[in-house]
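This is what each chain is made of:
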Amino acid sequence: MSEIGLAELTRKIAKVSDTYAQRCNIKRDDDWYLIKIGEELGELNAEYLRITQRGRLDASRSMENVREAMEDELADVFA
Ligand SMILES: [Mg+2]
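Definitions and cut-offs
Residues numbered from 1 in each chain as written. Predicted model: local features only at pLDDT ≥ 70, side-chain atom pairs only at ≥ 80, totals over all residues. Heavy atoms only, no water. Helix = DSSP H or I, 4+ residues; strand = E, 2+ residues; numbered from the N terminus. Rg over C-alpha atoms; globule rule 2.2 N^0.38 Å. Buried < 20%, exposed > 50% of the residue type's maximum accessible area, 1.4 Å probe, protein only. Donors = N, O, S within 2.8 Å, 3.2 Å for Na, K, Ca; no water. Expected span 1.5 Å × (residues − 1). Contact = heavy atoms within 4.5 Å. Patch = residues over 30% accessible without salt bridge, like charges linked within 9 Å, V, L, I, M, F, W, Y side chains within 5 Å. Areas by Shrake-Rupley, 256 points an atom, 1.4 Å probe, with all protein chains shown as cover. Salt bridge = Lys/Arg side-chain N within 4 Å of Asp/Glu carboxyl O. Lys, Arg positive; Asp, Glu negative; His and termini not counted. Charge placed at Lys NZ, Arg CZ, Asp CG, Glu CD.

**Some remarks on the overall build of the protein chain**
Okay, step 1: A count of helical and extended segments in the protein chain gives 3 helices and 0 strands.
Okay, step 2: Tracing the protein chain from N to C terminus, the helices and strands come up as α-α-α.
Okay, step 3: Over its C-alpha atoms the protein chain spans a radius of gyration of 15 Å, topping by over 25% the 12 Å that the globule rule assigns to 79 residues.
Okay, step 4: If one aligns the C-alpha atoms of the protein chain with their principal axes, the spans along those axes are about 35 × 35 × 20 Å.
Okay, step 5: The proportion of buried residues among the 79 residues of the protein chain is 16%.

Listed below in structure tokens is the structure:
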């Protein structure tokens with residue numbers, strides 16, 4: 001596994017965020033960032049509650065699936 005510097009990681013995450021905004025035609029003004037991070041934190045919290053067996057778990061989902069979803073939501077928070 002190669003190491004990545006903070007500046008490079010920031011650049012890559014910003015690129016993902018820019019692509020998301022462009023594809024979804026989203027204007028990212030000041031309050032959007034605050035509201036969006038709240039939304040993504042809520043999604044991360046829901047997956048965390050599931051993986052710690054304190055949230056509702058759909059029977060079709062495995063714990064591996066929940067873990068992957070939690071990792072994806074953590075990435076969304078950063079992006
Ligand atoms: Mg999300």
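**Re the coordination of the magnesium ion**
Okay, step 1: Donor atoms from the polypeptide that bind the magnesium ion are E40 (OE), E43 (OE), E73 (OE) and D76 (OD), placed at 2.0 to 2.2 Å.
Okay, step 2: Mapping the donors of the magnesium ion onto the primary sequence yields the spacing E-x2-E-x29-E-x2-D. Pair noted here: E40 is in helix α2 (residues 30–51) and E73 is in helix α3 (residues 63–78), with a separation of 33 residues, a long-range link.

**Some points on helix α1 (residues 6–23)**
Okay, step 1: Between its first and last C-alpha atoms α1 spans 26 Å; for 18 residues at 1.5 Å apiece the expected length is 26 Å, and the two agree.
Okay, step 2: Downstream of α1 by one or two residues, N25 has phi in the positive range, about 55°.

**As for the side chain of E40**
Okay, step 1: Taking the relative accessible area as the measure of exposure, E40 reaches 7% and is therefore buried.
Okay, step 2: With sequence-adjacent residues up to four places away left out, E40 is seen in contact with E73, D76 and V77.

**What about a negative patch on the surface?**
Okay, step 1: Residues E64, E68, D72 and D76 make up a contiguous surface patch of negative charge.
Okay, step 2: When you line up the elements, D72 lands in helix α3.

**Focus on α3**
Okay, step 1: An ideal rise of 1.5 Å per residue puts 22 Å on 16 residues; α3 measures up with 23 Å between its terminal C-alpha atoms.
Okay, step 2: Next to the buried residues of α3 lie α2.

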